[in-house]
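Here are the chains, one letter per residue:
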Amino acid sequence: MPEFSDVAVPVPLDMIFTYRVPSGSSPVVGGRVLVPFRQQRMTGIVVELHDRTPSVTAKNIVGVVDSAPVLDEQLLRLGRWIADYYLAPLGEVFRTMLPLSAEFRRSIGYRITEQGQMALHLAGMAGSSARSQRTPEEQAAEFRVLDYLAGHEAELGGAELVREQTLRAATQASRRILTGMVRKKWIVREDVSGPQVAVRIVKIAILRSAEGKLNDNQRVLVDTLAASGGRLSVEALRSLAVPRTTLGTLVRRGLVEVVEEPAEFTVSRTKPRASPFDFDFNGAQQSALARLRDGVAARKFSGMLLHGVTGSGKTAVYLAAMRAVLEAGRSAILLVPEIGLTPAVAADLHQIFGDEVAILHSALSDRERAEQWHRIKAGEARVVVGTRSAVFAPVSDLALIIVDEEHDSSYKQEETPRYHARDVAVMRAKMAGAVVVLGSATPSLESYFNATKNKYALVELPDRVEQRPLPEVEIVDMRQEFQETGHEQVISRKLAAEINERLERKEQVMVLLNRRGYSPVVLCRTCGKKLECKNCAIALTHHKREHKMVCHYCGYMAAVPKTCVYCGSEYVYFLGTGSEKLEELLHGIFPQARIARLDRDTVRSHEDFERTLNALSEGELDVVVGTQMIAKGHDIHGVTLVGVVGADVALGLPDFRAAERTFQLLTQVAGRAGRGESPGKVILQTYFQDHYAVQYAARHDFVGFYEKELRFRSWMHYPPYSALANVLVRSDKLDEALRWSGTLGKWFESTRHEGVRVLGPATAPIMRLKRDYRYHFVLKSPSREKLNGILRAMLVYAAQQKIPRTQVIVDVDALWLM
Ligand SMILES: [Zn+2]
Ligand SMILES: [Zn+2]
């Protein structure tokens, strides 16, 4: 066994650490080890085993967690690529790739010292010392701690630590008391964190006997158990309409036994259907599928951009291709944006793939995530469907990765490592010799550009299935509406009339307003100030039902003001409209309509979301109002009208992607209309009716928009013509943020960096966020190598200047410059 091991530890430092391998232990490259780091124990990934003696003394590895790699050769390479490309610490990259935090338990232990034994002895003899600063209660608690630890040591003959939880439960000592005792050297605190087996336990009720007299409730329970073969989870029994005590009574009488068992994974265990899912494909779908299958059969890397209009049946193509991969005994990954994973899609997946599909979404607990990971690693699930991090699923023999709605910004992680799952998917496919498919009705500028440059094959699905027409889009100019009606309207006369028509015809309506809350701005007419968040330079939004002012960035809440908090004036005005107010307005205009709202205030979980969508599908709702959540991927056939109320707010933001984002949102939400038998219509209300993003979206003209936007990007040296990075310097102290950004600004000025443009330092558009003051630099270069070179040198310099690594954020390919 080599003497040393290089370990990537999940800490915000751009380096790896060398540890000594103790004799008798055998770590493996790609496996986890437990290592001491500062005062803690952490799990890191072994990246190399060697015999090169390091310049500083190496600490010993504490324990080896895996005897076989959890990251294989390919995933290790992928992790290194991410660390390099996004300038992220390798240990943090690996932590993101492995959803196994449930297998590590943080734990602190305590042991009594000789001084502690002495203190215990003295306390027993003399009672409290007169000079003590401690209250009698504190002294009593300390005595209990010493006594407990001494007793424990006597029983076990020393060495064994007592876990903090156990100690505090037994002695009622606070963390502060323990810390004080550590300082006095009476006790020693040690980190004893380590691996634990992540197995979810379920309680199973087993029917032992049905003899004897039973009351009605008991009878229901016993019959239910008997009907399910004599065993059922206690959780399932709880859903019966009987008191919770009934089960306890049956257990006491010996009729039912409750045992604990490791949970099997909880997806429905439906087998694939005997007559497999039928796809009825049109010509374009068939040829797209054929190209995909050919690509997979070639067993080498290829990329494809599947550009299909909304409703053109992209999902069916994905599912058929994945089934083909599975039948060939290979693996496939389908990435979806968070909300895109609708109940209908999940049901289809189980129907087609049965037990062989693993679904990874954000609502899973850490344990469920770890279980799924092991199922995939063991080869039990060879088809993986999931959000961003599913791109790291440990499948073997990967043949196909599909990125659905590839333009969606949820694929970019907005914390370290700031990777883009679409770009990681392309790299992983390259390393695996697999096919990658990027699909969208509104491809990102970058992907479409790559396709036109032949980096990917461009495959089009130009028509909706069954020749359904794209919806007609009518633009309503809200400035003209204002002139004609004399006041600021939220719902134009045209939109109101069209909604009314749909209600009379028993058809359904969606209305988009991409801003939640009741009123987005509270303004004082006396001093002119807006009510802002305490932690951010952001206006607070009024939420009427909760009767609160809320910051949408940090969650800060304040009371609804009756007078101005700055000057005391009574003239405070609530301005603007959010989705909550829009819902109220619609109720007022159409009192007979059944209206629901979908936004982050009404949707707290997947279930809430599914409930509302199902109600819409079942025809139990007439109108759904919502934020961009309603724009994503749903296929509801009764919706024939989509109203867009102020989706163009983003066009006013200082962000070079504003036009692209607006075009995508308008096209996607328009795509929700007319997916069934009846044709759809879209009413697009706007204050920017001449803007090209609005005009091209109204004409369903992606290529027109793309060419216009591309010219703008080319002039301004923005992606895809330049690689771009945002460097954010932040601190909760204004002078620190200023000093650090000044220091880095001078360094950029004095350093030669041909071919890289550096803008800044400038205050970030949101200059204060979550208490941090923020300054930023924007770097652009046609050469990614040069860009990353200067960023790397900048980080080295920042470290020399003692600027903490966590306060300098490097965001390569940033989606937001706010
Ligand atoms: Zn005021
Ligand atoms: Zn805030």
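Residues numbered from 1 in each chain as written. Chains lettered and ligands numbered in written order. Predicted model: local features only at pLDDT ≥ 70, side-chain atom pairs only at ≥ 80, totals over all residues. Heavy atoms only, no water.

For the rest of this paragraph, the subject is the overall build of the chain. Helix and strand counts for the chain come out as 24 helices and 35 strands. What you see for the chain is a C-alpha radius of gyration of 31 Å, in line with the 28 Å of a compact globule of 818 residues. Across the 818 residues of the chain, 52% fall into the buried class. Here the contacts in the chain between residues at least 6 apart in sequence split such that 75% fall between residues at least 24 apart. One finds the centroid of the 106 positive side-chain charges in the chain at a distance of 5 Å from the centroid of its 96 negative side-chain charges. (Helix = DSSP H or I, 4+ residues; strand = E, 2+ residues; numbered from the N terminus. Rg over C-alpha atoms; globule rule 2.2 N^0.38 Å. Buried < 20%, exposed > 50% of the residue type's maximum accessible area, 1.4 Å probe, protein only. Contact = heavy atoms within 4.5 Å. Lys, Arg positive; Asp, Glu negative; His and termini not counted. Charge placed at Lys NZ, Arg CZ, Asp CG, Glu CD.)

Let's shift gears to helix α14 (residues 421–432). Structurally, the α-helix is built with 3.6 residues per turn, so residues lying three or four positions apart point the same way. Here α14 is twelve residues long and its end C-alpha atoms lie 16 Å apart, about the 16 Å a rise of 1.5 Å per residue gives. With nine of twelve residues buried, α14 is to be regarded as a mostly interior element. Taken as a whole, α14 has its buried residues at A421, R422, V424, A425, V426, M427, R428, A429 and M431. Each element contacted by the buried residues of α14 is listed here: α1 (73–85), β15 (331–335), β18 (398–404), β19 (435–440) and α15 (445–452). In the segment just after α14, G433 is the residue with positive phi, at about 65°. (Expected span 1.5 Å × (residues − 1).)

Here we take up the packing of α1 against helix α2 (residues 90–97). Two elements in contact, α1 and α2, have axes whose closest approach is 9 Å; the angle formed by their N-to-C orientations is 130°. In terms of axis orientation, α1 runs oblique to α2. Along this stretch, α1 crosses α2, giving a crossing that reads as right-handed. Contact residues: α1 offers L75, L76, L78, G79, R80, I82 and A83, while α2 offers L90, V93, F94 and M97. Split into classes, the residues belonging to the contact of α1 with α2 amount to nine nonpolar, one polar and one charged. (Axes fitted to C-alpha atoms, helices over the stretch in contact; angles between N-to-C directions. Parallel < 35°, antiparallel > 145°, perpendicular 65-115°, else oblique. Left-handed = near helix turned anticlockwise from the far one by under 90°. Nonpolar A, V, L, I, M, F, W, Y, C, P; charged D, E, K, R; others polar.)

Take the sheet that holds strand β17 (residues 383–386) next. Overall, parallel pairing links the seven strands, which are arranged β16-β17-β15-β18-β19-β14-β20 in an open sheet. Each edge of the open sheet carries a strand with a single partner, namely β16 (357–360) and β20 (457–461). Neighbour-to-neighbour, the strand axes of the sheet open up by a mean angle of 15°, direction not taken into account. Together, β16 and β17 form the strand contacts of helix α13 (residues 366–377), whose direction differs from that of β16 by roughly 150°. (Pairing = 2+ DSSP bridges.)

Before going further, it helps to examine the coordination of the zinc ion (ligand 1). Of the protein atoms, only C524 (SG), C527 (SG), C564 (SG) and C567 (SG) coordinate the zinc ion (ligand 1), at distances of 2.3 to 2.4 Å. Between the four donor atoms coordinating the zinc ion (ligand 1), the angles at the centre fall across 105 to 116°, so the site counts as tetrahedral. When the donors of the zinc ion (ligand 1) are listed by position in the chain, the intervening gaps give C-x2-C-x36-C-x2-C. Taken together, the positions of C527 in the loop between β23 (521–524) and β24 (541–543) and C564 in the loop between β26 (557–558) and β27 (572–575) put the pair 37 residues apart, joining distant regions of the chain. By relative accessible area, C527 is classed as partly exposed at 34%. (Donors = N, O, S within 2.8 Å, 3.2 Å for Na, K, Ca; no water. Tetrahedral: all angles 85-135°; square planar, octahedral: opposite > 155°, others 65-115°.)

Here the focus is unusual backbone geometry. Between T416 and P417 the backbone carries a cis peptide bond, its omega angle lying at -5°. Looking at the element boundaries, P417 is found in the loop between β18 and α14. Note the cis peptide between P719 and P720, where omega equals 5°. Topologically, P720 is positioned in the loop between α22 (702–716) and β32 (723–731).

This brings us to the side chain of R805. Residue placement: R805 occurs in the loop between α24 (784–800) and β35 (808–812). Setting aside residues up to four positions removed in sequence, R805 forms contacts with P12, D14, L87, A88, P89 and L795.

Taken together, the protein ligands of the zinc ion (ligand 2) are C533 (SG), C536 (SG), C551 (SG) and C554 (SG), with distances of 2.2 to 2.4 Å. Because the angles between the four donor atoms bound to the zinc ion (ligand 2) fall within 99 to 117°, the donor set is best described as tetrahedral.

Sheet faces and side chains relate simply in a regular strand, where the side chains alternate between the two faces. The two faces of β17 match: V383 and V385 on one face and V384 and G386 on the other face are all buried. One ladder, built from four bridges, connects β15 with β17; its direction is parallel. If you follow L334 over to β17, its bridge partner there is V385. As paired elements, β16 and β17 share four bridges and run parallel to each other. Its bridge partner being in β17, I359 is matched across the sheet by V385. Taken together, β16, α13 and β17 constitute a β-α-β crossover, and its handedness is right-handed. (Right-handed = clockwise from strand over helix to strand, strands pointing away.)

Moving on, we get to the packing of aromatic side chains. Summed over all chains, the structure comprises 17 aromatic pairs. Taken together, a centroid distance of 5.7 Å and an interplanar angle of 20° make the contact between W747 and Y797 stacked. Note that W747 is positioned in helix α23 (residues 734–750) and Y797 in helix α24, a separation of 50 residues in sequence. Aromatic rings pair up to connect Y448, F663, Y692, F702, F705 and Y706 into one cluster. In this arrangement the basic side chain of R661 is found over the ring face of W816, its NZ or CZ atom lying 3.4 Å from the centre. (Phe/Tyr/Trp six-rings, centres within 6.5 Å; stacked < 30°, edge-to-face > 60°. Lys NZ or Arg CZ within 6 Å of the ring centre and 35° of its normal.)

Another aspect to go through is the sheet that holds strand β7 (residues 108–112). In any sheet, the strands associate via hydrogen bonds between backbone groups, in a parallel or an antiparallel arrangement. Strand order in the open sheet formed by three strands is β8-β7-β9, and the pairing between neighbours is antiparallel. A single partner strand is all that each edge strand has here, and the edge strands are β8 (162–163) and β9 (187–191). As judged from the two bridges shared by β7 and β8, these two strands associate in the antiparallel manner. Bridge pairing in β8 links Y110 to V162. The strands touched by helix α6 (residues 175–183) are β7 and β9; relative to β9, the strand with the most contacts, the crossing angle is about 110°.

Now for the confidence of the model for the chain. Model confidence for the chain is summarised by a mean pLDDT of 89, while 95% of its residues fall at 70 or above. Under a pLDDT of 50 for its full length, residues 265–275 has, in the predicted model, 22 contacts with residues more than four places off or in other chains. (pLDDT = per-residue confidence, 0-100.)

Let us look at helix α16 (residues 478–485). At the N-terminal boundary of α16, the capping side chain belongs to D477, with an oxygen 3.0 Å from the backbone nitrogen of R479. Downstream of α16 by one or two residues, G486 has phi in the positive range, about 85°. (Polar contact = N/O pair within 3.5 Å; in protein donor to acceptor, adjacent residues only side chain to side chain.)

Inspection of the secondary structure puts R382 in the loop between α13 and β17. C-alpha of R382 to C-alpha of G329: the two residues are 53 residues apart in sequence and 8.5 Å apart in space. Setting aside chain neighbours within four positions, we find R382 in contact with L326, G329, R330, S331, A332, E356 and V395.

What follows deals with the pattern of salt bridges. Throughout the structure, instances matching the rule amount to 50 salt bridges. Taking the shortest distance from any N to any O, the salt bridge between R792 and D84 comes out at 3.2 Å. With a gap of 708 residues between them, R792 in helix α24 and D84 in helix α1 connect regions that are remote in the sequence. E142 serves as the salt-bridge partner of K184, at 3.0 Å between the closest nitrogen and oxygen. Of this pair, K184 sits in the loop between α6 and β9 while E142 sits in helix α4 (residues 136–156), and the two are 42 residues apart along the sequence. Given a relative accessible area of 33%, K184 falls into the partly exposed group. Note on E142: relative accessible area 6%, which makes it buried. A network of salt bridges, in which partner residues are shared, links E472, E474, K494, E498, E501, R502, R505, E507 and K681. (Salt bridge = Lys/Arg side-chain N within 4 Å of Asp/Glu carboxyl O.)

Counting residues in each nonpolar core, the largest one holds 118 residues, and the members touching the most others are L791 and M794. Those residues in contact with L791 that sit more than four places away from it in its chain are L87, A725, V727, L779, V810 and V812. In this structure, L292, V296, M304 and A332 belong to the second largest nonpolar core, which totals 32 residues. (Core = buried A, V, L, I, M, F, W, Y, C linked by side-chain atoms within 4.5 Å.)

This part is about the environment of G576. Take G576: it is sitting in the loop between β27 and α18 (579–589). On a C-alpha basis, the gap between G576 and P520 in space is 5.8 Å, while along the polypeptide they are 56 residues apart.

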